[in-house]
Amino acid sequence: MIEKLEQQFQAKIDAEVKIEPKDWMPEKYRKTLIRQISQHAHSEVVGMLPEGNWITRAPSLRRKIALVAKVQDEAGHGLYLYSAAETLGAERDDLLDQLHTGKAKYSSIFNYPATTWADMGAIGWLVDGAAIMNQVMLTRASYGPYARAMVRICKEESFHQRQGYEILLTLCRGTEIQKQMAQDSLNRWWWPSLMMFGPNDAESTHSAQSMAWKIKRKSNDELRQAFVDATVPQAKILGITIPDPDLKWNEERGHYDFGEIDWAEFWNVVKGNGPCNRQRIEDRKKAYEKGAWVRDAAVAYAEKREQRKAASKAKVA
Ligand SMILES: [Fe+2]
Ligand SMILES: [Fe+2]
């Protein structure tokens, strides 16, 4: 019986029919999606922290407006994604609890500090740029609510990428010191951005099944290569140098070759020992506690509405 259901399920996916919340799905598909979508949601909200720090220090009103809008967009991305995870039966409080207790992962890139204004440029250009690579493929993910959330998210991410690039372009056309700031920022963010695509394909534990289920459509290495190929020409326009002596165009492959990632650093940050892991979780917990009154008020309001509805129904009857 279950085998037949599984066959029908896979046939649907093969035929590019979306899976919807009330459809039958294998438990492992549901669990994999809850894990992936919630990790993604956590990344969006933790991702607000390094940039949120710079809102008060933005160098002009125009920059401040753009940065506020970007950080708010990330909060919205978190909301869409937590909602998508809830359609699979997950409870938002449980998901947040997993984040706060360190059980759930989020993108390690946000465990690096944003130390200069140029980092607002580099994060938009590289971090949002890498996120787009990953997320464009997710707009075609087999699970309907996830795919639809990603369509909207991708539109906003491309604004983020452009506003970041424009910050760097302005710095690179400015004084020598400003250009150095941009270079320093690229030096610090380049390798962590490449790490965002995850371990090499040979080391990646979840990939094969996720590809068959069309939760993922391109491998980590494919996406990383596409990111490098797209980003190198952009660095050339900026006139700053990517910090990789092994980076060069490979005529035969039609792609850029690049150096080996420091995987020891990658795993160290994943395991919680990056420069800002503890601070990020502390800040998230504090924000959650400070927001308790908003959640309580929303619940009280919903209850009041229910009571009013019930009372007016009773009157009609
Ligand atoms: Fe986002
Ligand atoms: Fe973004």
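Cut-off values and rules
- Residues numbered from 1 in each chain as written.
- Chains lettered and ligands numbered in written order.
- Predicted model: local features only at pLDDT ≥ 70, side-chain atom pairs only at ≥ 80, totals over all residues.
- Heavy atoms only, no water.
- Helix = DSSP H or I, 4+ residues; strand = E, 2+ residues; numbered from the N terminus.
- Rg over C-alpha atoms; globule rule 2.2 N^0.38 Å.
- Buried < 20%, exposed > 50% of the residue type's maximum accessible area, 1.4 Å probe, protein only.
- Contact = heavy atoms within 4.5 Å.
- Areas by Shrake-Rupley, 256 points an atom, 1.4 Å probe, with all protein chains shown as cover.
- Lys, Arg positive; Asp, Glu negative; His and termini not counted.
- Charge placed at Lys NZ, Arg CZ, Asp CG, Glu CD.
- Donors = N, O, S within 2.8 Å, 3.2 Å for Na, K, Ca; no water.
- Tetrahedral: all angles 85-135°; square planar, octahedral: opposite > 155°, others 65-115°.

Draft legend 1. Up close: the overall build of the chain. Looking only at helices and strands, one finds 13 helices and two strands in the chain. Taken over C-alpha atoms, the radius of gyration comes to 22 Å for the chain, in line with the 20 Å a tight globule of 317 residues would show. C-alpha atoms of the chain, sized along the principal axes, occupy 75 × 50 × 30 Å. The proportion of buried residues among the 317 residues of the chain is 48%. In the chain, once contacts between residues fewer than 6 apart in sequence are set aside, the share between residues at least 24 apart is 77%. Surface accessibility of the chain: about 16,800 Å² in total, with carbon and sulfur atoms responsible for 56%. Put simply, the chain has 46 plus and 42 minus side-chain charges, and the middle of one group is 7 Å from the middle of the other.

Draft legend 2. Expanded view of unusual backbone geometry. Look at Glu16: it is not a glycine, yet its phi comes out positive at around 65°. Within the fold, Glu16 resides in the loop between helix H1 (2-14) and helix H2 (27-46). Exposure remark for Glu16: the relative accessible area of 42% places this residue in the partly exposed category. Phi at Lys214 is positive, roughly 55°, even though this residue is not glycine. Following the sequence through the fold, Lys214 ends up in the loop between helix H9 (207-212) and helix H10 (220-238). Among the residues examined, Lys214 registers a relative accessible area of 17% and is labelled buried.

Draft legend 3. How the structure looks around the coordination of the iron ion (ligand 2). Every protein donor of the iron ion (ligand 2) is accounted for by Glu74 (OE), Asp128 (OD), Glu157 (OE) and His160 (ND1), and the metal-donor separations fall at 1.9 to 2.2 Å. Of note is the iron ion (ligand 2), whose four donor atoms meet at the metal with angles of 90 to 157° in an arrangement that counts as irregular. Spacing between the donor residues of the iron ion (ligand 2) along the chain follows E-x53-D-x28-E-x2-H. Between the two metal centres, the iron ion (ligand 2) and the iron ion (ligand 1), the spacing is 3.3 Å, with Glu74 acting as a shared donor. Separated by 32 residues along the polypeptide, Asp128 in helix H6 (residues 118-138) and His160 in helix H7 (residues 144-172) bring together distant segments of the chain. Residue Asp128 is classed as buried on the basis of its relative accessible area, which comes to 4%. A residue is classified by how much of its surface remains accessible, and His160, at 0% relative accessible area, is buried.

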